[in-house]
Each structure stands twice: as C-alpha cells, then as structure tokens.
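The lines below spell out each chain.
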Amino acid sequence: SDDEDKRAIRLMSLSDQINVPVIVEGRAPASEGECLLDSLLKVYGIYEIGDTVSFVSGTDADLGAQMSVTSFTVVGFADLPQYTDVNRGTGTVGNGELDGFALVLPQVFTSPVYTEAHLLLAGAKQLDSFSEDYDALVQSAEQALETLSETACERRFEQLKEEYPGAAEMGLLS
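Residue numbers restart at each chain and count upward from 1, following the sequence in its written direction. This being a predicted model, a pLDDT of at least 70 is required before a residue's local features are given, and a value of 80 or more before pairs of side-chain atoms are given or counted; all residues contribute to the totals for chains, interfaces and linings. Hydrogens and waters are ignored; side-chain quantities use all the structure's heavy atoms.

Attention shifts here to the overall build of the protein. For the purposes of this entry, the term helix denotes a DSSP run of H or I that reaches at least four residues, the term strand denotes a run of E that reaches at least two, and both are numbered from the N terminus. A count of helices and strands for the protein gives two helices and six strands. In the protein, the succession of helices and strands from N to C terminus is β-β-β-α-β-β-β-α. With respect to the principal axes defined by its C-alpha atoms, the protein has extents near 50 × 45 × 30 Å. Here the term buried applies to any residue with accessible area under 20% of the maximum for its type, exposed to any over 50%, and partly exposed to those in between, with areas from a 1.4 Å probe on protein chains only. Evaluated residue by residue, the protein yields a buried proportion of 26% over its 174 residues. For the protein, restricting intrachain contacts to residue pairs at least 6 apart in sequence, the fraction spanning at least 24 positions comes to 68%. Each accessible area value is a Shrake-Rupley result obtained with a 1.4 Å probe; residue values ignore everything except the protein chains displayed when judging cover. Of the accessible surface of the protein, which amounts to about 11900 Å², a share of 51% is contributed by carbon and sulfur atoms. Charged side chains in the protein number 10 positive and 30 negative. The centres of these two groups are separated by 4 Å. Working rule for contacts: check all heavy atoms of both residues, and any pair within 4.5 Å makes them a contact. We score Asp and Glu as negative and Lys and Arg as positive, and we do not count His or the chain ends. Lysine's charge is taken at NZ, arginine's at CZ, aspartate's at CG and glutamate's at CD.

This is how it looks when you write it as structure tokens:
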C-alpha cells in the first residue's frame, strides 16, 4: 500500500564543518538532485543506491516553497555523530518516530530562515563531558542562547507582521 512506502525522514543540509557524516557506502551528493541516506535505511532493506526518494511535508505545507528539489537519487548511505543508537528522534507525522535521515546539498533549501542549528561550544572539546566543568560551560551557553532567542524571536515576529499585514489580527501569527 501507499502507506507502507511512506517514511518519516528528517531532511537535513550536508555539512563538512559539524555533524559530518561517515559514509559507509557510495558517495556524498554532488548535485541538487542527489541525497545521502541514513545507513539504517539500507540495513533494514528499505532503500538501495540508485533509488529515487520523493519528499512531501506530511502536512498541507508545500515543500516546493522551501526547496529547489523534492525528489532525489540515493547516491550513498552514512552514519551521523549525533545519532549514537537506532533512535532517530521524533517528528510530527506518522507514528511520531523518525525512520532515519537524508542529507542534501545546502543550496536545496531555499527558505531565507534556518529551522535548526548545530553548534560547537568553544572549550567543550577539552573537557570531560561527564564533569561539572562541562555541565557549567553548557549551562552558561544555554542561558546565553535562551536570551538571544527571545530577541531573535521578537525580531522575526516583527518581520512576519511586516511581510504579511493583517496576519496577526487574523490569528495566523501568535
């Protein structure tokens, strides 16, 4: 059935700076129409190199408004450092669990705003991740990010109100 062919996959931008994939088969994407898939999707026999994978949002949102391409040829399989076990996180579609991830070139995403960020914390690499010093460093950074996010969210809200006059009054922005 069509439902059996649908998977909840986190679509992410390929990076060579942070959360760098370890390719286990094939190669990295070289063009906008190619993707690198989670190695678990290969292990479970779901996809093979050369398959075409098409993405839809799982909601009424049109992915074509946020991406230059929505169908990709699988050119390889990889592992990501952010996943240390088979749990790939949660999502808002399907049963709520993600089946895996797909990595595409950054230019595929056409949205002018970021929806997720990965950060490296200066000084963290030298510390034992189970130490009090590490915890204190991370807690300090979290507090700074929370403060920054408040002003960033306010600024983005004002931008959206300018972009879409009347949307706040109609309850579309809250």
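Right, picking up where we left off after that structure.
Before going further, it helps to spend a moment on the packing of aromatic side chains. Two aromatic rings, drawn from Phe, Tyr or Trp (for Trp, its six-membered ring), form a pair once their centres lie within 6.5 Å of each other, and the interplanar angle then sorts them: stacked below 30 degrees, edge-to-face above 60, tilted otherwise. Summed over the entire model, instances satisfying the criterion amount to two aromatic pairs. Their ring planes at 70 degrees and their centres at 5.8 Å tell us that Phe 55 and Phe 72 sit as a pair that is edge-to-face. Of this pair, Phe 55 sits in the loop between β4 (52-54) and β5 (71-79) while Phe 72 sits in strand β5; the two residues are 17 residues apart in sequence, bridging distant segments of the chain. Of the two residues, Phe 55 and Phe 72, both sit in the buried class.

A cluster of nonpolar side chains, Val 43, Tyr 44 and Val 86, forms an exposed patch at the surface whose accessible area comes to about 340 Å². Its location among the elements puts Tyr 44 in the loop between α1 (39-43) and β4. Distance thresholds for patches are 9 Å for like charges and 5 Å for nonpolar side chains (Val, Leu, Ile, Met, Phe, Trp, Tyr), applied to residues having over 30% relative accessible area and no salt bridge. For this document, the term salt bridge refers to a Lys or Arg side-chain nitrogen within 4 Å of an Asp or Glu carboxyl oxygen.

Here we take up the nonpolar core. Nonpolar core, defined: a set of buried Ala, Val, Leu, Ile, Met, Phe, Trp, Tyr and Cys residues in which side-chain atoms within 4.5 Å join the residues together. Core analysis: the largest hydrophobic core is formed by 16 residues, its most contacted members being Leu 37, Tyr 47, Phe 55 and Phe 72. When contributions to this core are tallied by element, the ones reaching two or more residues are β1 (9-13), β3 (34-38), β5 and β6 (100-104). Here this core gets three residues from one element, more than from any other, and that element is β5. One finds Met 12, Leu 14, Tyr 83 and Leu 105 within the second-largest nonpolar core, a separate group that totals nine residues.

So, about the pattern of salt bridges. One pass over the full model with this rule turns up five salt bridges. Where Glu 163 meets Arg 156, a salt bridge forms, and the shortest distance between an N and an O atom there is 3.9 Å. One continuous salt-bridge network, built from bridges that share partners, spans Glu 25, Lys 42 and Glu 48.

Time to look at the pairing of β3. On any regular strand, side chains alternate: one points to one face of the sheet, the next to the other face. Burial analysis of β3 places five of its five residues in the buried class, the great majority of the element. Pairing analysis gives five bridges linking β3 to β5, with the strands arranged parallel. Residue pairing across strands places Leu 37 opposite Phe 77, the latter belonging to β5. For two strands to count as paired, DSSP must find a minimum of two bridges between them. Note that β3 and β6 share two bridges and pair antiparallel. Bridge pairing links Leu 37 to Ala 102 in β6.

Any functional reading would require information that these geometric values do not contain.
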